[in-house]
Each structure stands twice: as structure tokens, then as C-alpha cells.
Amino acid sequence: MSAVLMDGKVLGKKIRESVKTRSASLREKGIIPCLAVVLAGEDPASMSYVNSKEKALTEAGMDSRDIRLPYGIEEADLLSIIADLNKDDKIHGILVQLPLPDHINEEKITSAIDPGKDVDCFHPVSVGNMVLGRQAFLPCTPHGILVLLGEYNVPVCGSHVVVAGRSNIVGKPLMNLLIRKEYNATVTLCHTGTKDLARFLQQADIIIAAAGKPGLITPAMVREGAAVIDVGINRVQDSASKKGYILCGDVDPAVAEKAAFFSPVPGGVGPMTIAMLLQNVAESAEKRL
């Protein structure tokens, strides 16, 4: 048995083309969708993520307000920048690239963003509205995972979904989305305190790995015919690689020989995250009409 590979690149491109059409329509009405991207410091991974997001924005006919700041910027100065972006009517979304420098309170910064421009869904108001099923931007990676599952007709309703990882970015919001009536999944959320992770994974119809640990999930931990979504993007040193490292997920690629559906790393969830971000920016700009 060999899994159907869930290609996030192809689906992400389709979504970005749809967003491009929406952007063109908005431009005709005098509105240019714009995302402010704030990056403090020069972390290589963060810079790479920001560059890829800005490239995608340009290709979708959107504007990007690129704000690069030194690592040592004071928290008060960063808060002042966010306050100005909140008041700027030409900005439809604000994205502060995480992680932030150690001396800056991440919670204080994400809570300073206007919920109406919180296209990452990190603000407490955004999270609360999402949990209650009220109108809110949906978090990009969890929403992208659900769209990917839908594209490949993986049955979610009534399925047992095991999520490995309880981060505020993926695990927790994904759990809350999956239990909504439109998805109707039964969810088990596993984490570092879970005893015998394999016991829970072997019961799963769908496994979503978002723990940030390379090769955490092996074929022996997955039942035959399960759908496996690998969210992990880990840099592992590899002297044979030109870059000195390779990207790998939280799931052993050999799982693809046992699963019915499998999302690869890279090329699975990553492109979906960016596509859903662009979709949120377009939605925010459309609300201005």
C-alpha cells in the first residue's frame, strides 16, 4: 500500500489564483489589499518565511508593507509601530513574525494588534471568537489543513482525529475547529505529558503531527489506512546537503507506505498556510467595502 500524497503546492496555487482575482476586483474599486509584515532581528528561518510571504503577496496582486527592525528594538517602540499600523486605513492585515527577540513580551505584542487586522488569529479576541464559532479570521495553518483534507475528500465527520502538539499556532486552534458542527470530529489532543503516544495514534483515523520533533511518528505507531498530516518543519543537519541541513517533518516518510493519505514535507501544509494568509488579507480588504 502506498499513500495518496496530498499536494499543498497545487492546491495552494489554486487558492492564490482565486485570491489574485479578488485582489484585481478590489483594485478596480480603489482598494489595494495590503499586509504589513513586521520582522525584528535577522533569524534566518524567520527571514526566509517573511520573504516567501512577501513574494506570494506580490504574485497575488497585493501590496506588502515590509518593516524590518533590529533585534534590540525596545518593546515600547514596537508597540508604537503596531499602534500606527492599526490606525492606517491602507493596511488590511498585520503580521508580526514570531518568535520575537527574548526581551520582548510576545503576548503583549500580539494583543496590541487590532483584531480586525489580525490575519494570523493570535489576538485573544480573535481566538475567543473562533472558539465560540463567531465571525473571525481563521488561523492560517489549521484552516489550511482542513481545506487540504477537504480537497482530497478525507472523511472528517465522525472520524477520530489525534493531534500531536498543543501549540497556540496549530494544536489548540485545530482542536477547536475540528469539533465544530461542520466538521464533527472526535479529537484527542496529545502533548509532551501524554503517556504512550503510540496507543492513541494507533486508534486514529486521522493523525495531525505538529510537535516539532523530527521523526516522532513511525510506521509502527500508525494504523493501516489512516490519513497523516505532517505539519512539522524541522532543520536537521546534513553535511551532504549544499545548505548544510535538510527539512524534514515530524513523521517518518516511511509512514506513507502504510497510510491512505500523507502530506509531504516540504510541499504539504506549508504552501497552504501562505495561501490561507492571503485569503484572510483579501477578506479583510473586502470588509472595507
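Okay, so let's go over this structure. Just so you know, these numbers come straight off a predicted model, no measurement behind them.

## Observations concerning the sheet that holds strand β2 (residues 34-40)
At step 1: In space, the three strands of this open sheet follow the order β3-β2-β4, with parallel pairing throughout. What marks the edges here is a single partner per strand, and that holds for β3 (63-69) and β4 (93-96). The average angle at which neighbouring strand axes cross in this sheet is 15°, direction not considered.
At step 2: Sheet topology note: the β2/β3 ladder contains seven bridges and is parallel. From the neighbouring strand, V37 faces β3, where its bridge partner is D66.

## Quick look at the state of the cysteines
At step 1: Following the criterion strictly, the structure yields zero disulfides and no others.
At step 2: Free of any disulfide, C121 has its nearest cysteine sulfur in C140, 8.5 Å distant.
At step 3: Residue C121 is classed as buried on the basis of its relative accessible area of 5%.

## Considerations on the pattern of salt bridges
Pairing between side chains becomes possible if they bear opposite charge and their charged atoms approach one another.
At step 1: Under the defined criterion, the tally for this structure stands at 12 salt bridges.
At step 2: One salt bridge in this structure joins R223 and D205, with 2.6 Å as the shortest N-O distance. Taken as a pair, R223 in the loop between β7 (206-209) and β8 (227-230) and D205 in the loop between α8 (197-201) and β7 lie far apart in primary sequence, 18 residues in all.
At step 3: By relative accessible area, which is 29% here, R223 ends up partly exposed.
At step 4: Here K287 ties to E283 by a salt bridge, and the two come within 3.7 Å at their closest N and O atoms. Taken together, the positions of K287 and E283, both in helix α9 (residues 269-287) and four residues apart, correspond to about one turn of that helix.
At step 5: Take E283: its relative accessible area is 22%, and that puts it in the partly exposed class.
At step 6: The network of salt bridges with shared partners includes E54, D66 and R68.

## Things to note about the sheet that holds strand β6 (residues 186-190)
At step 1: In space, the six strands of this open sheet follow the order β1-β11-β8-β7-β5-β6, with parallel pairing throughout. Among the strands making up the open sheet, the edge pair consists of β1 (4-5) and β6.
At step 2: Here four bridges tie strand β5 (residues 160-164) to β7, and the two strands are oriented parallel to one another. Bridging across to β7, A164 finds its partner in A209.

## Re the side chain of D120
At step 1: Note that D120 resides in the loop between α4 (106-112) and α5 (124-132).
At step 2: Buried charge without a partner: D120 forms no salt bridge, and the closest opposite charge is K53, 5.4 Å away.
At step 3: The residues touching D120, leaving out its near neighbours within four places in the chain, are L95, P139, C140 and L277.

## Quick notes on unusual backbone geometry
Apart from glycine, the bulk of residues carry a negative phi angle, and the bulk of peptide bonds sit in the trans form.
At step 1: The omega angle of the peptide bond from L98 to P99 is 0°, so this bond is cis rather than trans.
At step 2: Locating P99 in the fold gives a position in the loop between β4 and α4.
At step 3: Residue P266 is bonded to the preceding V265 through a cis peptide linkage, with omega at -5°.
At step 4: Positionally, P266 belongs in the loop between β11 (261-262) and α9.
At step 5: One non-glycine residue, N184, lies in positive phi territory at about 50°.
At step 6: The exposure class assigned to N184 is partly exposed, which follows from its relative accessible area of 39%.

## What about a nonpolar patch on the surface?
At step 1: Among the surface-exposed residues, Y49, I233 and L247 lie close enough to one another that they form a single nonpolar patch of about 260 Å² accessible area.
At step 2: Turning to its location among the elements, Y49 is positioned in helix α2 (residues 44-59).

## Concerning the packing of aromatic side chains
At step 1: Tallying each qualifying case throughout the model produces zero aromatic pairs.
At step 2: Sitting over the ring of F137, K287 keeps its end group 4.6 Å from the ring centre.

## Things to note about helix α7 (residues 171-178)
At step 1: Counting buried residues along α7, six of its eight residues qualify, which places the element largely inside the surrounding structure.
At step 2: All of the buried residues in α7 are G171, P173, L174, N176, L177 and L178.
At step 3: For α7, the elements touching its buried residues are α5, α6 (140-151), β5, β6 and β7.

## Observations regarding the pairing of β2
One face of the sheet, then the other: side chains in a regular strand alternate in exactly this way.
At step 1: The buried fraction of β2 amounts to seven of the seven residues, a majority that puts the element mostly inside the structure.
At step 2: Burial of β2 is two-sided: the residues C34, A36, V38 and A40 facing one way and the residues L35, V37 and L39 facing the other way are all buried.
At step 3: Handedness of the β-α-β unit built from β2, α2 and β3 comes out right-handed.
At step 4: In the sheet, β2 pairs with β4 via four bridges, with the strands oriented parallel. Within β4, the residue paired with V37 across the bridge is L95.

Cut-offs and rules
- Residues numbered from 1 in each chain as written.
- Predicted model: local features only at pLDDT ≥ 70, side-chain atom pairs only at ≥ 80, totals over all residues.
- Heavy atoms only, no water.
- Pairing = 2+ DSSP bridges.
- Helix = DSSP H or I, 4+ residues; strand = E, 2+ residues; numbered from the N terminus.
- Axes fitted to C-alpha atoms, helices over the stretch in contact; angles between N-to-C directions.
- Disulfide = S-S within 2.5 Å.
- Buried < 20%, exposed > 50% of the residue type's maximum accessible area, 1.4 Å probe, protein only.
- Salt bridge = Lys/Arg side-chain N within 4 Å of Asp/Glu carboxyl O.
- Lys, Arg positive; Asp, Glu negative; His and termini not counted.
- Contact = heavy atoms within 4.5 Å.
- Patch = residues over 30% accessible without salt bridge, like charges linked within 9 Å, V, L, I, M, F, W, Y side chains within 5 Å.
- Areas by Shrake-Rupley, 256 points an atom, 1.4 Å probe, with all protein chains shown as cover.
- Phe/Tyr/Trp six-rings, centres within 6.5 Å; stacked < 30°, edge-to-face > 60°.
- Lys NZ or Arg CZ within 6 Å of the ring centre and 35° of its normal.
- Right-handed = clockwise from strand over helix to strand, strands pointing away.

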